[in-house]
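Understanding the architecture of this molecule
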Amino acid sequence: MVAYAWAITSYSSIFVILLITGICFACFVRPYLADKRTAWYVGIAYCAMMLVLYLIPFRLNNFMAYAAGVLAAFLVMYAMDRRNMEQKIFLAVTFFSLRWLSIAMADKIDSALSAVIVMQKTLAARPWVQYGIYLATKVLNIVISFLLIAAAMHLLNRAVTYKKGNMTKTELIMLLMPSFSAITGYGILQFYQNIYEKDTGKSLTNVYGIYGAFSFLHYLVSVVSILVMAVMFQRVKAVQEEAAGQKLVQSQAADMKKHIGEVEKLYRDIRLLRHDMGNHIQTIEHLIECNEKEEAVRYTARLRKEWQETGNGIQSGNPVTDVILMEKKKQAEEQNIRFHCDFHYPEGKGIDAFDISVILNNALDNSLEAAGGNSPYIRITSYCKNNIFMIVISNSFEGWLVTDEINGLPVSGKTDAGHGLGLLNIRRVAQIYLGDIALEQEEGKVVLTVMLQFQ
């Protein structure tokens, strides 16, 4: 009877640790996935693979078995969310190493406690007491394993703040180096332990207690190194993002300088045209007096063309926004995109033209890039209501946006520096005026709404 209890406890502890590990795996990858349900499928795939490998007649070594389980989970994760494969490799390999290290630390703690609770010869005739001690140590091992695994996953998720950012291959290699080092060290320690036990028939840990402490220290330092590398990586990403933001601001300042130059040129051309208008009128009158009607018509047509070239075409109420809108309209026409503009600058509302230019430049650049379909178009309107100024920009769009749950904005599919910061910059400007932005997708179009408040 006692033998059955021992066997049931042994098998049950394996299944419980397997279930706990699968749940921890699902919780670990959940923040990185677009659909949170995918995380549970990842945990189920891991548990199912490990259970099959445990029950089949032939046995793989532990390393290969757990590697197969993590590989199955990775394939499910990537099949259901194909974004950012490098990040998913990082998640799978890091979980694999943290799982090994956490379980190894729990085993060392369990071995140390078992050495304290030595089963004396007087207990040899008391099998149920032996079983009670065995059960207690198994339960304690499960609790410690769970706490260590959960703590490692939780701390790593807290360290990784850029969960939705794309990861490059170089960044992947850098982040995986601590995991590779940890698994290599674990393998070497286990190798020496197995060789010693095979040669002497004794446990290396029991003969040299310091070996167990040294092994535990290596596992702990390995976990810490993985966390430290993650923190360092996030700081590098933060610096890169700040640099990209500064580069974007510099680019926008350069654009503003160019727009101001174009406005000055426009006004200079208008002044010159007005200055010469008297001479043009005299010339036309002279041609008519001389009955040179055809020449007068040609001269008038040439004058009208010159006037149109110096005319704005879009009257938004501010020369800076006029130039920006005309430039974007010209780009749209070059791309065969219909451009509808009903934007009016909120004159006298205390909203700086530079801030409006940041919104228009970023929003219309995004629209020019995204507009698609059989009849692509861009439409921009604005209106004031009470103390609120609203800008609404819509464009045709094919496909579906993937939203970042952290900031509520679409995830950029491009990895070049500065890309994807446009909407963040628009939000930054809106928040200066105690406002915000909203991006909605309807069938065949995307609508960006920017709200600003004024006094």
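For the structure given in this document, a descriptive report is provided here.

Rules behind the numbers
Residues numbered from 1 in each chain as written. Predicted model: local features only at pLDDT ≥ 70, side-chain atom pairs only at ≥ 80, totals over all residues. Heavy atoms only, no water. Helix = DSSP H or I, 4+ residues; strand = E, 2+ residues; numbered from the N terminus. Buried < 20%, exposed > 50% of the residue type's maximum accessible area, 1.4 Å probe, protein only. Contact = heavy atoms within 4.5 Å. Areas by Shrake-Rupley, 256 points an atom, 1.4 Å probe, with all protein chains shown as cover. Pairing = 2+ DSSP bridges. Axes fitted to C-alpha atoms, helices over the stretch in contact; angles between N-to-C directions. Expected span 1.5 Å × (residues − 1). Parallel < 35°, antiparallel > 145°, perpendicular 65-115°, else oblique. Left-handed = near helix turned anticlockwise from the far one by under 90°. Nonpolar A, V, L, I, M, F, W, Y, C, P; charged D, E, K, R; others polar. Phe/Tyr/Trp six-rings, centres within 6.5 Å; stacked < 30°, edge-to-face > 60°. Salt bridge = Lys/Arg side-chain N within 4 Å of Asp/Glu carboxyl O. Core = buried A, V, L, I, M, F, W, Y, C linked by side-chain atoms within 4.5 Å.

Observations regarding the overall build of the chain
Tallying secondary structure elements over the chain gives 12 helices and five strands in all. Counting only residues that meet the buried cut, the chain has 42% of its 455 residues in that class. Counting only contacts in the chain whose residues sit at least 6 apart along the sequence, the fraction spanning at least 24 positions is 70%. As displayed, the chain offers around 25700 Å² of accessible surface, 61% of which is attributable to carbon and sulfur atoms.

Some details on the sheet that holds strand E4 (residues 436-442)
Ordered by their spatial adjacency, five strands build an open sheet running E1-E2-E3-E5-E4, and the pairing between neighbours is mixed. Of all the strands in the sheet, just strand E1 (338-342) and E4 have a single pairing partner and so form its edges. Averaged over all pairs of adjacent strands, the angle between their axes in this sheet comes to 15°, without regard to strand direction. In this sheet, strand E5 (residues 445-453) lies alongside E4 in antiparallel orientation, the contact comprising seven bridges. From the neighbouring strand, Asp436 faces E5, where its bridge partner is Met451.

Comments concerning unusual backbone geometry
Here the phi dihedral of Asn336 falls at roughly 60°; this positive angle occurs in a residue that is not glycine. Tracing the backbone shows Asn336 in the loop between helix H10 (319-334) and E1.

Description of helix H12 (residues 422-432)
Listed in full, the buried residues belonging to H12 are Gly422, Leu423, Asn425, Ile426, Arg427, Val429 and Ala430. Where H12 ends, the next residue or the one after it, Leu434, has phi of about 55°, a positive value.

With respect to helix H3 (residues 62-80)
Taking 1.5 Å of rise per residue, the 19 residues of H3 would be expected to cover 27 Å, and the 27 Å separating its terminal C-alpha atoms lies within 8% of that figure. Of the residues making up H3, those classed as buried are Ala65, Tyr66, Gly69, Val70, Ala72, Ala73, Phe74 and Met77.

A short note on the packing of helix H2 (residues 37-55) against H3
Relative to each other, H2 and H3 sit at 150°, their axes nearing to 8 Å. Judged by the angle between their axes, H2 and H3 are roughly antiparallel. Here H2 and H3 pass one another in a crossing that is right-handed. Residue-level contacts link Thr38, Tyr41, Val42, Ala45, Tyr46, Met49, Met50 and Leu53 of H2 to Ala65, Tyr66, Ala68, Gly69, Val70, Ala72, Ala73, Val76, Met77 and Met80 of H3. Grouping the constituent residues of the contact of H2 with H3 by class yields 16 nonpolar, two polar and no charged.

Topic: the packing of aromatic side chains
Applying the stated criterion to the full structure yields 12 aromatic pairs. Between Phe15 and Tyr54, the ring centres sit 5.8 Å apart and the planes meet at 80°, which makes this aromatic pair edge-to-face. With a gap of 39 residues between them, Phe15 in helix H1 (residues 2-29) and Tyr54 in helix H2 connect regions that are remote in the sequence. Judged by its relative accessible area of 34%, Phe15 falls in the partly exposed class. Look at Trp100 and Tyr186: their rings are 5.1 Å apart centre to centre, the planes differ by 50°, and that puts the pair in the tilted class. Residue Trp100 is located in helix H4 (residues 85-116), and its partner Tyr186 is located in helix H6 (residues 169-200); the two are separated by 86 residues in the primary sequence. Given a relative accessible area of 8%, Trp100 falls into the buried group. In this structure Tyr186 comes out as buried when scored by relative accessible area, which is 15%.

Some thoughts on the pattern of salt bridges
In total, this model carries six salt bridges according to the counting rule given. Glu295 is the partner of Arg298 in a salt bridge, and the nearest nitrogen-oxygen pair spans 2.7 Å. Residue Arg298 and its partner Glu295 are both found in helix H9 (residues 293-310); the two are separated by three residues, about one turn of the helix. For Arg298, a relative accessible area of 46% corresponds to the partly exposed category. Close ionic contact of Arg427 with Asp436 constitutes a salt bridge, the shortest N to O distance being 3.0 Å.

Thoughts on the nonpolar core
In terms of nonpolar packing, the biggest core is built from 58 residues, with Val29, Tyr46, Phe90 and Leu156 touching the most fellow members. Here this core takes 11 residues from H4, the largest share from any one element. Excluding anything up to four places from it in sequence, Leu156 contacts Phe28, Phe90, Thr94, Leu98, Ile226, Leu227 and Ala230. One finds Ile314, Ile324, Phe389 and Val450 within the second-largest nonpolar core, a separate group that totals 34 residues.

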